[in-house]
Amino acid sequence: MTNEISRRSLLGAGIALASGAAAAATVSSAADIKPKKKVIVWSEGTAPKSVYPRDINFAIAEGLESLHGWDVVTASLNDPDQGLPADLLNSANVIVWWGHMRHDDVKTELVNRIVHRVKEEGMGFIGTHSAHWSRPFKALMGTPCGWTGGYVEDGSKLDVAVKAAKHPIAHGLKDFVVPHTERYTEPFEAPEPELVIFDGLYTHPDGKLEKSRQGLVWTVGKGRVFYFQPGHESYPIYFQEEIRQVFRNAIPWAAGK
Ligand code: ZN
């Protein structure tokens, strides 16, 4: 277990070291008295290598280099213990989850541990794009969580509108455009969110317009949950600066106080 954790922490440090600014922050924090918080960015390893050479967990983690006071750890379904041995999961303040093809491979025991961490211990959970059908997200919502209007990958343009400008997840963000994505069509089979942070407007290739909510928040037990719809694996969405800012905002928010 301990070796697993240090290996993963090193991976996280490797990410931080990818930029000079982050490297300096990492060095100074070694003597920092205040313990860092920890976010685990988890994915299942199925994104196309042509778009995400190191999978989606790494792409999201890379965007967190400037998130001060946080250890960023990547984990994969392909790692031992499905990437989340108990010690690691128990030490996390927030988990970010991306899955698509392999939802059913995630073990019930792991789903239960994640739900316990959120509901009873206040860990934050961020599900993105196709994680709407992930087992932990469905268990947290208690609903089937389908976008029942359907799923069409036609490269539609997405206009993301900041709807709750004063919410911490929207900090520093203005309305922005995701040039191409897969669209998920309302209604969404999840409980009514406490707040819609981002609204969305798809422009289909034929010019037709379609509304679909993009950023939703809930409280589940003691934990905070954020769902962010953008992130289809055949487009480089997680490399986009505005998308990265959303994660940099959402992670500290999801950690709670
Ligand atoms: Zn997709």
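Remember, predicted model here, so these are calculated numbers, not experimental data. (Residues numbered from 1 in each chain as written. Predicted model: local features only at pLDDT ≥ 70, side-chain atom pairs only at ≥ 80, totals over all residues. Heavy atoms only, no water.)

Some points on the pattern of salt bridges
Applying the stated rule across the entire model yields 12 salt bridges. Of the charged contacts in the structure, one is a salt bridge between Glu210 and Arg183, with a shortest N-O distance of 3.2 Å. Linking Glu210 in strand 8 (residues 209-211) with Arg183 in strand 6 (residues 176-185), this pair joins segments that are 27 residues apart in sequence. Residue Glu210 is classed as buried on the basis of its relative accessible area of 12%. Residue classification places Arg183 among the buried residues on the basis of a relative accessible area of 9%. We note a salt bridge from Arg213 to Glu186, for which the minimum N-O separation is 2.9 Å. Taken together, the residues span a long stretch of sequence, with Arg213 in the loop between strand 8 and strand 9 (215-220) and Glu186 in the loop between strand 6 and strand 7 (195-203) at a distance of 27 residues. Residue class for Arg213 comes out buried when judged on its relative accessible area of 16%. By sharing partners, the salt bridges in this structure join Asp154, Arg183 and Glu210 into a single network. (Salt bridge = Lys/Arg side-chain N within 4 Å of Asp/Glu carboxyl O. Helix = DSSP H or I, 4+ residues; strand = E, 2+ residues; numbered from the N terminus. Buried < 20%, exposed > 50% of the residue type's maximum accessible area, 1.4 Å probe, protein only.)

Describing unusual backbone geometry
The residue after Glu186, namely Pro187, is reached through a cis peptide bond having omega 0°. Here Pro187 shows up in the loop between strand 6 and strand 7. Not every positive phi belongs to a glycine, and Asp55 is a case in point at roughly 70°. Located in the positive-phi region is His129, a residue other than glycine, with phi close to 50°.

What about the nonpolar core?
Within the largest apolar cluster, 43 residues are counted, with the highest numbers of intra-cluster contacts made by Phe198, Phe226, Phe247 and Ile251. Among residues more than four places away in sequence, those in contact with Ile251 are Val39, Leu64, Leu67, Trp70, Val94, Val96 and Ile126. Judged by nonpolar contacts, the second largest core, of 34 residues, contains Leu84, Ala92, Leu140 and Phe188. (Core = buried A, V, L, I, M, F, W, Y, C linked by side-chain atoms within 4.5 Å. Contact = heavy atoms within 4.5 Å.)

Considering the packing of aromatic side chains
Per the stated rule, a full pass over the model turns up 16 aromatic pairs. Summarising the aromatic geometry, the rings of Trp133 and Tyr151 are spaced 5.2 Å apart at their centres and angled 40° between planes, so their arrangement reads as tilted. One end of the pair, Trp133, is in the loop between strand 4 (124-128) and helix 6 (135-141); the other, Tyr151, is in strand 5 (residues 150-162), and 18 residues separate them in sequence. Seen from their ring centres, Phe198 and Phe228 are 5.8 Å apart, and the 65° between their planes marks the pair as edge-to-face. Placement of Phe198 in strand 7 and of Phe228 in strand 10 (residues 223-228) is noted, with a sequence separation of 30 residues between them. Here Phe198 falls in the buried class, since its relative accessible area comes to 0%. (Phe/Tyr/Trp six-rings, centres within 6.5 Å; stacked < 30°, edge-to-face > 60°.)

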